[in-house]
Amino acid sequence: MDGTKLPEYWDWVAEHSFHLRQRSSSITDIYYRKLILTLINQLGSGCWKRILKLDAYNEATNTQYGLYLVKDGGELILVDISLGIAMKALVKAAEKGLSHSVHLIVADFRMMPLRPECVDMSCSFGSIEHVPEYNLAFYEQVRVVREGGEVFVGVPNLLNFSLRALSAKMLHIMGLMKKMTNPERHFVGSQLISLAKSLNLANIYFTGYHLFPKQLRWLDLWMEYRGVDKLKRSRLFRWLLKAFTLMELRYPFARIFAEMIIVKGVKRWGRDTGQRSSPGEAIGIGQRPRST
Ligand SMILES: C[S@@+](CC[C@H](N)C(=O)[O-])C[C@H]1O[C@@H](n2cnc3c(N)ncnc32)[C@H](O)[C@@H]1O
């Protein structure tokens, strides 16, 4: 899909995705949110007044990681290419009384209309893999963070034990994913770490998150949208959700096979030391990740 068609496509998703039209939180929405917030608390300093998050999709649904990151007096900037998705996120922020703390920018995250070093932390959880130039989006995330600020980038894991990449590919071939998302690139850990290194991030930390099988997550979202509460009430489903969550929290090594992998680093470009990385350098390394 060429860049000029992206806003139209995602605006269409805003109207048709069952996740974006779901009225209340599904059970996996709640667990997924808790896992992300726990991870960010564990890995990050938490000293952020101004946070940038790529894409407003989650905030437009009932998962809403970003809205829970806003602390007293803090601000959240969401950048999304779709006006439709941004508007839905704005409504959810207002419902939470966060209208004055959440700022929506409708723009391409490969070239954000933000000045350098204007935020304390930037994060994305499943965003940059939606564009072929994911390395530019990563570069942009680092560019806008202040010196010493933190950067989190989460992408789909090619080594996921429940075969996320293969399942998504099959659903795309069958045409069942079109209303939800465009095809996403999957990565292995070394590729994500190389990208972070190419952008001169310091104190790089790598892990994974969402061990619960994605196939069950899709099923849960679909049933919630259809108003069918069979799965929600199923003891087995709840037990599985709990078991996978506990495993992920207690045994960090298991996260290597989770649905998503994430890298966290600290920006240390140096003010006048000429250590700055360029988007070109990032592209050099970033071209290696395999498409799935
Ligand atoms: C499938 S959703 C991402 C899902 C979400 N991050 C998650 O964790 O489930 C993709 C989002 O990225 C946005 N998006 C895609 N390409 C973009 C681009 N080039 N610039 C800004 N936003 C973009 C879409 O509008 C949409 O809100």
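Just above sits the structure.
Draft legend 1. Structural detail: the overall build of the chain. A tally of helices and strands in the chain yields 12 helices and 7 strands. Over its C-alpha trace the chain gives a radius of gyration of 18 Å, about what one expects of a compact globule, namely 19 Å for 292 residues. Taken across its 292 residues, the chain has 55% of its residues classed as buried. Sequence-distant contacts in the chain: of pairs separated by 6 or more residues, those separated by 24 or more amount to 84%. Summed over all atoms, the accessible surface of the chain reaches about 13400 Å², with 58% contributed by carbon and sulfur.

Draft legend 2. Summary view of the nonpolar core. Among the nonpolar cores identified, the biggest contains 78 residues, and Leu 52, Val 79 and Phe 138 are the most heavily contacted of them. Examining the composition of this core, we find that 7 residues originate from one element, helix 2 (residues 27–43), more than from any other. In contact with Val 79, other than residues within four places in its own chain, are Leu 52, Lys 53, Leu 54, Asp 55, Ala 56, Ile 105, Ala 107, Phe 109, Met 112 and Leu 114. In this structure, Ala 168, Met 177, Met 180 and Trp 218 belong to the second largest nonpolar core, which totals 6 residues.

Draft legend 3. Representation of the side chain of Glu 150 in the model. Among the secondary structure elements, Glu 150 is positioned in strand 5 (residues 145–156). At 2.8 Å, the side chain of Glu 150 forms a polar contact with the side chain of Trp 48. At a separation of 3.4 Å, a polar atom in the side chain of Glu 150 contacts the side chain of Lys 264. Apart from the residues lying within four places of it in its own chain, the contact partners of Glu 150 are Leu 43, Gly 44, Ser 45, Trp 48, Asp 120, Met 121, Ser 122, Val 145, Lys 264, Gly 265 and Val 266.

Draft legend 4. Spotlight on the site of the ligand. Neighbouring residues of the ligand: 19 residues in total, closest Asp 55, Asp 80, Asp 108, Phe 109 and Phe 125. One nitrogen or oxygen atom from the main chain of Phe 125 is found 2.5 Å from an oxygen atom belonging to the ligand. For the ligand, whose accessible area on its own is 600 Å², the fraction buried by protein is 92%. Mapped by element, the contributors of at least two residues to the shell around the ligand are helix 1 (6–16) and helix 3 (57–60). In terms of residue class, the shell around the ligand is built from 9 nonpolar, 6 polar and 4 charged.

Conventions and cut-offs
Once a new chain begins, its residue numbering starts again from 1 and follows that chain's sequence as written. For this predicted model, a pLDDT threshold of at least 70 governs which residues receive local features, and a threshold of 80 or more governs which side-chain atom pairs are given and counted, while totals over whole chains, interfaces and linings are taken from all residues. Side-chain measures were taken over the full set of non-hydrogen atoms in the model, leaving aside hydrogen atoms and water. Numbering goes from the N terminus for both helices and strands, where a helix is a DSSP run of H or I of at least four residues and a strand is a run of E of at least two. In this treatment the radius of gyration is a C-alpha quantity, and the globule benchmark scales as 2.2 Å times the residue count to the 0.38 power. Type-normalised accessible area, obtained with a 1.4 Å probe on protein chains alone, sets the label of each residue: buried when under 20%, exposed when over 50%, and partly exposed for intermediate values. Every residue pair with non-hydrogen atoms within 4.5 Å of one another is taken to be in contact. Residue burial considers only the protein chains on display, and all accessible areas are found by Shrake-Rupley using a 1.4 Å probe. Only buried Ala, Val, Leu, Ile, Met, Phe, Trp, Tyr and Cys residues count toward a nonpolar core, and they belong to the same one when joined by side-chain atoms within 4.5 Å. Polar contact criterion, stated in full: a pair of N or O atoms within 3.5 Å, where within protein one must be able to donate a hydrogen and the other to accept it, and residues adjacent in sequence count only if both atoms are side-chain atoms. One heavy atom suffices: a residue is near a molecule or strand as soon as one of its heavy atoms comes within 4 Å of it. Any residue outside Ala, Val, Leu, Ile, Met, Phe, Trp, Tyr, Cys, Pro, Asp, Glu, Lys and Arg is labelled polar, Gly included; the first ten of those are nonpolar and the last four are charged.

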